[in-house]
Amino acid sequence: MAGIDDLLLGCYAGIDTWGETVSFDPVLPEGIQKLHLRIQYHDRWFELDLTKDRLHLSVDKNGTQPVQILIEGNSYSTRPGVGRTFKL
């Protein structure tokens, strides 16, 4: 199963992590229209809805501190419980 996880998370969703930062650089392959993932990193749950031209990301409501993320190399801060949509 680790191979499928690596394919979905690392390749299609383009997820990489270091420290407290989660990076997304998604590339959906031909034939996949959308991808929905729910992942946990450092006791935080991230929910992603991904299409070829947008990424909708929300972080669970637990916690009060903003979460640092990178989308295609651009840095953003998002608050817990607030969803954001990014154009790709």
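All of these numbers come straight from a predicted model, not from anything done at the bench.

What counts and what doesn't
Residues numbered from 1 in each chain as written. Predicted model: local features only at pLDDT ≥ 70, side-chain atom pairs only at ≥ 80, totals over all residues. Heavy atoms only, no water. Core = buried A, V, L, I, M, F, W, Y, C linked by side-chain atoms within 4.5 Å. Buried < 20%, exposed > 50% of the residue type's maximum accessible area, 1.4 Å probe, protein only. Helix = DSSP H or I, 4+ residues; strand = E, 2+ residues; numbered from the N terminus. Pairing = 2+ DSSP bridges. Axes fitted to C-alpha atoms, helices over the stretch in contact; angles between N-to-C directions.

(A) A look at the nonpolar core. Within the largest apolar cluster, 20 residues are counted, with the highest numbers of intra-cluster contacts made by I15, F24, F46, L48, L57 and I69. Residue assignment for this core shows that the elements contributing at least two residues are β2 (21–24), β3 (34–41), β4 (44–51), β5 (54–59) and β6 (67–71). By residue number, the principal contributor to this core is β3, which donates four residues.

(B) Summary view of the sheet that holds β3. Here we have four strands laid out as an open sheet, ordered β3-β4-β5-β8, and antiparallel in their pairing. In this open sheet, the two strands that pair with only one neighbour each are β3 and β8 (84–87). Neighbour to neighbour, the strand axes of the sheet diverge by 20° on average, direction disregarded.

(C) Structural detail: the pairing of β5. Here β5 shows one buried face, formed by L55, L57 and V59, and one open face, formed by R54, H56 and S58. In this sheet, β5 lies alongside β4 in antiparallel orientation, the contact comprising five bridges. Along β5, the bridge assignment pairs L50 with L55. If you look at the hairpin formed by β4 and β5, you'll find two residues sitting between the two strands.

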